[in-house]
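Observations on the model geometry
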Amino acid sequence: MKFGMNSLAWQSPFSDPMGMLEKAKKYGCDIFEIAAEDFSTFSPDAVNDAVQKTGIPVYTICGAYGDTRDISSENPEYRQNAIQYNKDMIDLCVKIGAKVVAGPMYSAVGKARQCSEDEKKQQWDWAVENLRIVADYANEKGIKLGIEPLNRFETDFINTVEQGLDLIARIDKPGVGFLLDTFHMNIEESNIPAAIRSAKGKIYDMHCCANNRGIPGEDNFNWPAIADAVKDAGYDDYILIESFTPDCVEIAKAASVWRPFAESPEAIAERGIPFLKKTFTK
């Protein structure tokens, strides 16, 4: 099991690979996750240089899905843009040695509305059709896709592991699984450990976040039960903390990021990483 931070806790958009990976090393991270909001703000070469010098690899890339990156949008231009955005993240993975592209790639964050059964069916059809294209591209490159269920306030589409399993089954392609996030699961799942166990064999990335996006362990979660479920699900790869700086341009409003979640962004890693290592490696 490897532990690390998502870049959104410290910087948005991601633009300083060396500074971010040096900070990750300082606070005991084994790995780092890049939120790829804007490809123009950093280069793969700069990431590779930082990885080589710090020894902190980047194994996962998390997408930032705004309105124009909505793969199930009514707007055909946005759907095509979303397909290309996902392909660009897959290409980035190949260039920097990452293994997983993850996030709520089925829709746009913040798209939460009432819609008719016909509209919902069309949304599913577009998501499945276009994610199959992305999955084929990912398989060609040897990259996995981790679909992230979000809470009801951030999406009207995939909120639970059960719904995610339905989407994965409809896509019906190898290498398509989950990014599970305890923050979202706390809102949507009646039994978080049971939901994790139901995803057995299909978890490719995991965000172990506090219930308020603050410091893991300084919250109301039953972390031993969650750790046992992760073990039962056969997952032993990446545990990451995803928090947010209020400067997150692409998703701050959609994710309702109005205030800091700890006394400093660094405190989330300083206390959260040791807690997760202790909890998940017993």
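Residues numbered from 1 in each chain as written. Predicted model: local features only at pLDDT ≥ 70, side-chain atom pairs only at ≥ 80, totals over all residues. Heavy atoms only, no water.

**Regarding the pairing of strand β1 (residues 2-6)**
A large share of β1 lies buried, amounting to four of its five residues. With four bridges joining them, β1 and strand β8 (residues 238-241) adopt parallel strand pairing. Bridge assignment links F3 to a residue of β8, and that residue is I239. Here β1 pairs with strand β2 (residues 31-36) via three bridges, running parallel. Counted as the bridge partner of N6 is E33 from β2. In this view, the connection linking β1 to its parallel neighbour β2 by way of helix α1 (residues 17-26) has right-handed handedness. (Buried < 20%, exposed > 50% of the residue type's maximum accessible area, 1.4 Å probe, protein only. Helix = DSSP H or I, 4+ residues; strand = E, 2+ residues; numbered from the N terminus. Pairing = 2+ DSSP bridges. Right-handed = clockwise from strand over helix to strand, strands pointing away.)

**Some words on the packing of aromatic side chains**
A full pass over the atoms with the stated rule returns 13 aromatic pairs. Ring centres 5.5 Å apart and planes at 85° place the aromatic pair Y65 and Y85 in the edge-to-face group. A residue pair is termed long-range when its members are at least 10 positions apart, and Y65 in the loop between β3 (58-63) and α3 (76-96) and Y85 in helix α3 qualify at 20 residues. Just as Y65 is buried, Y85 falls in that class too. Centre to centre, the rings of W124 and F157 are 5.0 Å apart; their planes meet at 75°, and the pair counts as edge-to-face. Linking W124 in helix α4 (residues 117-141) with F157 in the loop between β5 (144-147) and α5 (161-171), this pair joins segments that are 33 residues apart in sequence. Taking the relative accessible area as the measure of exposure, F157 reaches 2% and is therefore buried. An aromatic cluster of at least three residues, connected via ring pairs, comprises F3, F221, W223, F275 and F280. One cation-aromatic arrangement involves K23 over W10; the distance from NZ or CZ to the ring centre is 5.3 Å. The ring of W124 has R170 lying over it, and the distance from NZ or CZ to the ring centre is 4.0 Å. (Phe/Tyr/Trp six-rings, centres within 6.5 Å; stacked < 30°, edge-to-face > 60°. Lys NZ or Arg CZ within 6 Å of the ring centre and 35° of its normal.)

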